[in-house]
Number of protein chains: 2
Amino acid sequence: MLNEQQLKFLERAIELARMGTTENKGGPFGCVIVRQGEIIAEGYNEVTSDNDPTAHAEIVAIRKACRNLGTWQLTDCDVYASCEPCPMCLGAVYWARVNSVVYANTRHDAAAINFDDDFIYREININAAERKIRFQHYPHPKAKEVFDYWMAVESKLKY
Amino acid sequence: MLNEQQLKFLERAIELARMGTTENKGGPFGCVIVRQGEIIAEGYNEVTSDNDPTAHAEIVAIRKACRNLGTWQLTDCDVYASCEPCPMCLGAVYWARVNSVVYANTRHDAAAINFDDDFIYREININAAERKIRFQHYPHPKAKEVFDYWMAVESKLKY
C-alpha cells in the first residue's frame, strides 16, 4: 500500500506521462524523483523529440536529480514511475543506488501497447548467440590491462 | 573471429577506456559506434566527472551517434565496447536497435574490479520483493488510461 503522499507522487508521474504524450515528446511514460518528501526532479519520455533512445522518463529524471544535487548517487531518493522500469532504466536505478521504486503499469501492459520492455527483459536471459542482436565476446589482453590499471590507481572515484 | 577492421574498432574502444581512466573521467570503459565502416561516435565512462550515473561509455556513444545522425535509431550501426554492456547499456543497445555488439572484457571481469554489472544482471531475475532495491507495483487506473490514450493517437511516432 501507498500512503497519501506516495500516491500523490505516483499520480504526478502519471500526469507527466500524459503531458509528454499530449505534447508529442515521446512515449507515454513519466517519472519523479523524491527526496525527503519533496520532488527534486521530474521527467517524461523524450526519445523521439530529443533523438535520444536513452531519454526514457526515469533516465531523464535521474540525470536531472543528479545534476540538481551535484552527485552521481541518489541513495536517499525514491523513484515513482508511471510504468515498471525497462532493463535500461532498472540498470540506471541500480547505478544511481536509489532507495526504492514505485510503479503503476507493468512491462506486460507496455507490451500490450507495442513497447519492447518485456521483449528486452527476455533477451537478457537468452544465450548471447541466440539474441536478436548479435553479441560477440572477443577477449583482448589490452582490455584486461585497462582493468588492471584501474585497480592500481589509488586516487580513483569509485561508483 | 574479428577481421582486421573490426579489431581496430575494438582496440579504439579499449583506448578510449584507458583515456577516460587516465583523465579521471570515470570508470575504465570505452565504446565506439561504427556505421558503413566508419566510427561515427565515441564515448568513455563519465559517471563521476559528469555527475551522471547513466553516463556509461555505451550510453554516451549512442547519444552522440543519434545526435550526429538526427535519429533515435541506429539500425545500421555496430557497437564496439571494451567491456560487455551492463543491463542499462544492453537496454540502450536494444532501444537504439543497433545491428551488433562486440565486446572484450566480461561482466565477470568487471565484477573482479568491483563493478556492479554482474550483480545487476542477477537482480533482474530475482523476484521484485527480494531485490536489494525495493520495487513496488501499485496499479493505477489513470496510468492505464494514459496507455489507452497513446494507443488511440494516430499521429504518434513509434519507437
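Up top is the structure.
Residues numbered from 1 in each chain as written. Chains lettered and ligands numbered in written order. Predicted model: local features only at pLDDT ≥ 70, side-chain atom pairs only at ≥ 80, totals over all residues. Heavy atoms only, no water.

## Comments concerning the overall build of chain A
The cut-off we apply is this: Helix and strand definitions here come from DSSP, where helices need a minimum of 4 consecutive H or I residues and strands a minimum of 2 consecutive E residues; each element is numbered from the N-terminal end. Buried means the residue's accessible area, taken with a 1.4 Å probe over protein chains only, is under 20% of the maximum for its type, while exposed means over 50%, and partly exposed covers the values in between. Every residue pair with non-hydrogen atoms within 4.5 Å of one another is taken to be in contact. Accessible surface area values rest on a Shrake-Rupley calculation with a 1.4 Å probe, where residue burial reflects the displayed protein chains alone. Within this scheme the basic residues Lys and Arg register as positive and the acidic residues Asp and Glu register as negative, but His and the chain ends are omitted. One atom stands in for each charge, and that atom is NZ of Lys, CZ of Arg, CG of Asp or CD of Glu.
Looking only at helices and strands, chain A features six helices and five strands. Reading the secondary structure of chain A in the N-to-C direction produces α-β-β-α-β-α-β-α-α-β-α. Projecting the C-alpha coordinates of chain A onto the three principal axes gives extents of approximately 55 × 40 × 30 Å. Counting all 159 residues of chain A, 58% fall into the buried class. Residue pairs at least 24 apart in sequence account for 48% of intrachain contacts in chain A once pairs closer than 6 positions are excluded. Put simply, chain A shows about 6700 Å² of open surface, and 44% of that area lies on carbon and sulfur atoms. Charge-centre separation for chain A: the mean point of 18 positive side chains lies 6 Å from the mean point of 22 negative side chains.

## Section: the sheet that holds strand β4 (residues 100-105) of chain B
Just so we agree on the cut-off: DSSP bridges decide pairing: two strands pair if at least two such bridges lie between them. Interaxial angles span 0 to 180 degrees and are taken between N-to-C directions of axes, which are lines fitted to C-alpha atoms, for helices over the stretch in contact.
Judged by pairing direction, the sheet is mixed, and its five strands sit side by side in the order β5(A)-β4(B)-β3(B)-β1(B)-β2(B) without closing on themselves. Looking at the sheet topology across the chains shown, the edges are occupied by β5 (134-137) of chain A together with β2 (38-44) of chain B. On average, each strand axis in the sheet is tilted by 20° relative to the strand beside it, whichever way the strands run. For strand β3 (residues 77-83) of chain B and β4(B), the ladder comprises five bridges, and the chain directions are parallel. If you follow B:Tyr80 over to β4(B), its bridge partner there is B:Val102. Across the sheet, helix α1 (residues 4-22) of chain B touches β1 (30-35), β2, β3 and β4 of chain B, and the angle it forms with β1(B) is around 145°.

## Details of the nonpolar core
Nonpolar side chains in soluble globular proteins generally cluster together in the buried interior. The condition is simple: Definition used in this section: a nonpolar core is a set of buried Ala, Val, Leu, Ile, Met, Phe, Trp, Tyr and Cys residues joined via side-chain atoms within 4.5 Å.
A:Ile33, A:Leu74, A:Val93, B:Ile33, B:Leu74 and B:Val93 are the most contacted members of the largest nonpolar core, which totals 81 residues. Among all residues touching B:Ile33, those that are not within four sequence positions of it are B:Glu38, B:Ile39, B:Ile40, B:Ala41, B:Ala61, B:Ile62, B:Ala65, B:Leu74, B:Cys77, B:Asp78 and B:Val79.

## Observations regarding the relation of the copies chain B and chain A
Operational definition: A residue counts toward the fit only if its pLDDT is at least 70 in both copies, and the copies are then superposed by least squares on the C-alpha atoms of those residues.
Structural alignment of chain B on chain A gives an RMSD of 0.0 Å, achieved by rotating through 180° and translating 0.0 Å along the axis. These values place the two chain copies in the arrangement generated by a two-fold rotation axis. When C-alpha positions in chain B are compared against the rotation axis, the closest is assigned to B:Met88, at 1.8 Å. Most of the interface of chain B is mirrored in chain A, where 100% of its interface residues again form contacts.

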